Amino acid sequence: MKKAFAYGDPSTESAVRRVNDVRRVALIGAGTMGQGIAVDLLQKTDFDLIFLDVSAEALNGAEQALVQRWEKQVRGGRLREEDAAARTGRVTYTEDYKALAGADVVWEIATERGDIKAKIFELIEQNVDAERLAAVFSNTSSHTTGELAVLFKSDAFREKFLTVHGYFPFDANRLIDVMRSTHTSDETFTFGRVFADQILEKTVIAMSVDHHGYITDPIFQAMGAGISWDVKTSKDIVQLGGLWDLFTANPFSVLDQTGHMPYTESSRHLGQALPKTDRLRGLYDRDGAHYPDWIARLEKSGHIGVATASRKGFYAWSTNGRPKPEGVFDPASGDYQAIGEISRDEFGSYFEAAERDSRAGKVKSTDSLIHVALAGDAGGRAFRRYALPICLYALDMIQERIATPGQINIATRAGLRFKVGLVELVDAFVADLGIDGLCDLVRRAQDENSDDPRVAEMLDIDGRTGPRKGKPCLLHEMKQRNITRLLGYGKFYRTPVAELNVDTGRYVGCYPDLKFHAPSPRDRVASIVFNSPLRGNVFNHANVDQLAHAFSRVFAMHREGACGAVMFSAAGCEMRMLGADAREFNRGWYVREKGYVPLSEEEAALSSRNAVGLFRQLQTSPVASIGVFGEKWGGGAEFSYFLDLRYDVRTHGFVFDSVERRASWQQKNNYNQPELDYAILAGFGAAGELKRLGMGDSVVFEIFDQGITADRAYQVGLSNAVFDDELEGLRHAYERARNMAKDAPYSRALFKQELSRVADDEALAKETGETFNPEKNPFISTGLLALLDRGAKLPKMNYSCADTELPGWSYPAENGATEEEPATTTPPTGGGATSEIV
């Protein structure tokens, strides 16, 4: 979204205003990450950009890369020529630091080296107007914010300094880290969070505890570093690195695409700066070496990734089209060799895991990972040697209150693209093996690696040796407190919806794909934002679980009188909402060679039943609801039909005219139901709900056969208001929700009953009488005073329904009726991270 919105949160209002005042952003460093940030900002905002680098060659390369990207979008019919020209015109390329004078935000992404950052920061101080400046960001993979903040001489810059770190590829990766130091002002920290969340449209991990490399980078570094010391031949890169293919991707392949410099510089810094209590410190300091000699040789030769002239790194990459690995480096010979297959004889558990998932219709599941972890082959030993220490490291971060269980799980899923989050995996281990069994597995790994003290120390869970000496692992505390899971799981599909607050022992909502803004006492409006814009905010199993939990919080707050309305929206430019996730229409991972593998009738029916039942629950509740969205498809449109009011933001793009056989730039359809084209039904209730909303058959056919624009929807009465600007849509929708939240709960509950039935005069008379009975309707006395005594200072209405029975409505408990729940409930059972409702 081009502008930010406070969602009624007074603590962010000042930062939101400051974000909305930003006009110019300076990027220092024209490399891969700098280019990715530039693409993101130019696509999502109207900011002017200053691209600064000391290398004219780097600036020329960045300019060419951006121009070529816009040209490709123009050729592909995704961008107009005039818009491409406007984007190009908003960028100034310079080697002169004086150009920073008018910047509102300065973002350094030039280097990982502290000495070079110090020189850059000195030049920033000399040339930037500290009063105009909102914030200085620095991208780092290994430094703490405090280490870098003190490189500034002035407190004015230190208090406006944050480390803000994205992941490759920046414009296509959801995750971003925002971390403060003790020098950072609260205002700057809030500004950074709002900027990253609403302008960059990322999933934000905001850390108040200053930590080397945030959450994700130390994990990714360790994925490569742990294996790197054991690599002797090209087969090791493929086979040992292949362990991480079970989670996400081989880290050596990823490093070739990002470039080796951040990895090697981070390894150097981590080896020097990590605290003595860090479990993984030994990965970065082996007799004074921070990474193995074979990686140093690659670095010295200039073979540091696909972006180099040689197009070589750990792998040799193709030179035409999208880069593909064609060879792999062999440290023994110093040459590149053919990429061999992983040995089934030695690493059979890898293959068995994939086959188990295929039979069960799963993808890289906890079942398959645990199967490998318990195996007696080389694959099992690799898992225990390389993956278990990282699992323990995650537990250390929770134990030290550096990060929460939900933050770690989201970071590994969103940033590293794990199919199973790291904390989900720990929960699954405990579910399958019990805490004692998991401890036995770790001790088995210790015994297997007793000849390598550094690895054995990383596997210590009893506080007996190594960096964690005197600090027994969190598993011991969990056993003592009868805590059997660190995350809470949803009622339908058992996906994560909550996290354990280790201090209180209770679970609180934590959503990977939604943002939940709690209602303020002033407005009593909750806001729920669908938050997976890179995938069009699709409805999938995880999304439905999270929505069910969020609804439970809304209903619990309504019962206590704290919430009267909920506003829904979607993150991303044009607030796009896609339908049900097509990936879940296939049983397991779709493989072109294998073809479509159908769901069973029962599975497909359950998907419809769960979603529609959830939507109906909100529709029939006394909680007022309003949605403000842009382009909606399938289930995304259907969800909006269940809301009380629908506000639309006009969307524009190239639309193909099948009569004229050409595409033209025009207003796009906001309501689209294409299901019949794909031989399925609108399984979230479109046909019935459109009829309920008063749409005639011809309008319903129009929506299904061609879709309708926001203006057409307003014309036929489907949309209640239409806007050109996302922020204006949000402002008006929130104000409407705020006014609807003032409705007395008893009256609104009766009103919802009336809407759901045919006219019944006698029932209406009876219910009208009931509203005047204060024993049934305790809100009547306060409500009528507003009519009877307009000149008096009226008492505020107590909206609590805790002691009131609302007509036609009872508060559901099955979604997890309260925001918090004690941790000592029954643990999950079975092969995956499955748990009862929270």
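Calculation criteria
Residues numbered from 1 in each chain as written. Predicted model: local features only at pLDDT ≥ 70, side-chain atom pairs only at ≥ 80, totals over all residues. Heavy atoms only, no water. Helix = DSSP H or I, 4+ residues; strand = E, 2+ residues; numbered from the N terminus. Buried < 20%, exposed > 50% of the residue type's maximum accessible area, 1.4 Å probe, protein only. pLDDT = per-residue confidence, 0-100. Contact = heavy atoms within 4.5 Å. Core = buried A, V, L, I, M, F, W, Y, C linked by side-chain atoms within 4.5 Å. Pairing = 2+ DSSP bridges. Phe/Tyr/Trp six-rings, centres within 6.5 Å; stacked < 30°, edge-to-face > 60°. Axes fitted to C-alpha atoms, helices over the stretch in contact; angles between N-to-C directions. Left-handed = near helix turned anticlockwise from the far one by under 90°. Nonpolar A, V, L, I, M, F, W, Y, C, P; charged D, E, K, R; others polar. Polar contact = N/O pair within 3.5 Å; in protein donor to acceptor, adjacent residues only side chain to side chain. Salt bridge = Lys/Arg side-chain N within 4 Å of Asp/Glu carboxyl O. Right-handed = clockwise from strand over helix to strand, strands pointing away.

The next thing to look at is unusual backbone geometry. The omega torsion of the bond from phenylalanine 168 to proline 169 falls at -15°, within 30 degrees of zero and hence cis. Assignment of secondary structure puts proline 169 in the loop between strand 6 (161–166) and strand 7 (175–179). One non-glycine residue, tyrosine 7, adopts positive backbone phi at about 50°. With respect to the helices, strands and loops of the structure, tyrosine 7 is situated in the segment before helix 1 (13–20). Overall, the relative accessible area of 5% leaves tyrosine 7 in the buried class.

To continue, consider the confidence of the model for the protein. Summary statistics for the protein give a mean pLDDT of 93 and a share of 97% for residues scoring 70 or more. Below pLDDT 50 for its whole length, residues 816–820 participates in 16 contacts with residues either more than four positions away or in separate chains. Considering only residues more than four positions removed or in separate chains, one finds that residues 824–838, a stretch of pLDDT under 50, has 56 contacts.

Our next topic: the nonpolar core. Among the nonpolar cores identified, the biggest contains 167 residues, and Phe383, Ile528, Phe530, Leu547, Met567, Phe568 and Phe639 are the most heavily contacted of them. Looking at this core element by element, the count peaks at 14 residues for helix 16 (residues 378–399). Among residues more than four places away in sequence, those in contact with leucine 547 are Leu514, Ile528, Phe530, Phe539, Phe568, Leu614, Phe615 and Phe639. One finds Ala4, Ala15, Ile37 and Ala62 within the second-largest nonpolar core, a separate group that totals 43 residues.

With that settled, consider the sheet that holds strand 19 (residues 632–633). On the basis of which strands lie adjacent, the open sheet formed by three strands has the order 19-23-24 and mixed pairing. Each edge of the sheet is formed by a strand with only one pairing partner; in this case those strands are strand 19 and strand 24 (708–709). Both strand 23 (residues 669–672) and strand 24 contribute to a ladder of two bridges, which runs antiparallel. Each bridged residue has a counterpart across the sheet, and for tyrosine 671 the counterpart in strand 24 is isoleucine 708.

Below, the discussion takes up the packing of aromatic side chains. This model, assessed by the stated rule, comprises 42 aromatic pairs. Where phenylalanine 568 meets phenylalanine 639, the ring centres are 5.0 Å apart and the plane angle is 85°; that geometry is what we call edge-to-face. On the criterion of sequence distance, the pair formed by phenylalanine 568 in strand 17 (residues 565–570) and phenylalanine 639 in helix 23 (residues 635–641) is long-range, its members being 71 residues apart. The buried category is assigned to phenylalanine 639, whose relative accessible area is 1%. Each member of the aromatic cluster is reached from another via a ring pair, and the members are Phe530, Phe539, Phe551, Phe555, Phe568, Phe615, Phe629, Phe639, Phe642, Phe684, Trp809 and Tyr811.

In the sheet, strand 13 (residues 496–501) pairs with strand 14 (residues 506–509) via four bridges, with the strands oriented antiparallel. Note that in strand 14 the partner of asparagine 501 across the bridge is arginine 506. The loop that links strand 13 with its antiparallel partner strand 14 comprises four residues; one of these, glycine 505, has a positive phi angle of about 75°.

Our next topic: the packing of helix 9 (residues 216–228) against helix 11 (residues 251–258). To characterise two packed helices, one gives the angle between the axes of the helices and the distance between these axes. It is at 9 Å that the axes of helix 9 and helix 11 come closest, and there the two elements cross at 115°. Of the two elements, helix 9 crosses helix 11, and the hand of that crossing is left-handed. Residues Phe220, Met223, Gly224, Ile227 and Ser228 of helix 9 pack against Pro251, Phe252, Val254 and Leu255 of helix 11. The class makeup of the residues in the contact of helix 9 with helix 11 is seven nonpolar, two polar and no charged.

This next bit is on the side chain of glutamine 239. Secondary-structure assignment places glutamine 239 in helix 10 (residues 234–239). One polar contact links the side chain of glutamine 239 to the main-chain amide nitrogen of serine 343, over a distance of 2.8 Å. Not counting residues up to four positions away in its chain, the partners in contact with glutamine 239 are Glu341, Ile342, Ser343, Glu346, Phe347 and Tyr350.

With that out of the way, let us pick up the environment of histidine 652. Among the structural elements, histidine 652 can be located in strand 21 (residues 652–657). The class of histidine 652 is partly exposed, set by a relative accessible area of 34%. Distance from histidine 652 to glutamine 480, taken between C-alpha atoms, is 58 Å for residues 172 residues apart in sequence. In this view, histidine 652 contacts Glu574, Trp665, Gln666, Gln667 and Lys668; residues no more than four positions away in its chain are not counted.

A few words now on the pattern of salt bridges. Inspection of the entire model under this criterion finds 54 salt bridges. The closest approach of N and O atoms between lysine 2 and aspartate 46, which form a salt bridge, is 3.3 Å. Of the two residues, lysine 2 sits in the segment before helix 1 while aspartate 46 sits in the loop between helix 2 (32–44) and strand 2 (48–52), which places them 44 residues apart along the sequence. Among the salt bridges present, the one from arginine 279 reaches aspartate 396, with a minimum N-O distance of 2.7 Å. Pair noted here: arginine 279 is in the loop between helix 12 (261–273) and helix 13 (293–301) and aspartate 396 is in helix 16, with a separation of 117 residues, a long-range link. The buried category is assigned to arginine 279, whose relative accessible area is 2%.

Another aspect to go through is the pairing of strand 16 (residues 525–530). For strand 16, a buried count of six out of six residues is recorded, marking the element as mostly surrounded by other parts of the structure. Here strand 16 shows two buried faces, one formed by Val525, Ser527 and Val529 and the other by Ala526, Ile528 and Phe530. Alignment of strand 15 (residues 514–517) against strand 16, held across four bridges, turns out to be antiparallel. Paired with leucine 514 across the two strands is phenylalanine 530, which belongs to strand 16. Relative to strand 17, strand 16 runs parallel, the two sharing six bridges. Looking at strand 17, one finds that alanine 526 is bridged to valine 566. Handedness of the strand 16-helix 21 (residues 541–559)-strand 17 crossover: right-handed.

Turning next to helix 17 (residues 405–414). Burial runs high along helix 17: nine of the ten residues are buried. Within the span of helix 17, buried status applies to Pro405, Gly406, Gln407, Ile408, Asn409, Ile410, Ala411, Thr412 and Ala414.

With that out of the way, let us pick up the sheet that holds strand 7. Strand order in the open sheet formed by eight strands is 3-2-1-4-5-6-7-8, and the pairing between neighbours is mixed. Each edge of the open sheet is held by one strand with a lone partner, namely strand 3 (91–94) and strand 8 (203–207). In this sheet, adjacent strand axes meet at a mean angle of 20° when their direction is disregarded. Two strands pair when backbone bridges link them, and strand 4 (residues 105–108) and strand 5 (residues 135–138) are joined in this way by four bridges, in the parallel orientation. Residue tryptophan 107 lies in a different strand from strand 5, and its bridge partner there is phenylalanine 137. Across the sheet, helix 2 lies against strand 1 (24–28), strand 2, strand 3, strand 4 and strand 6, angled at about 170° from strand 2, the strand it touches most. Lying over the sheet, helix 5 (residues 114–127) contacts strand 1, strand 4, strand 5 and strand 6, oriented at roughly 165° with respect to strand 4.

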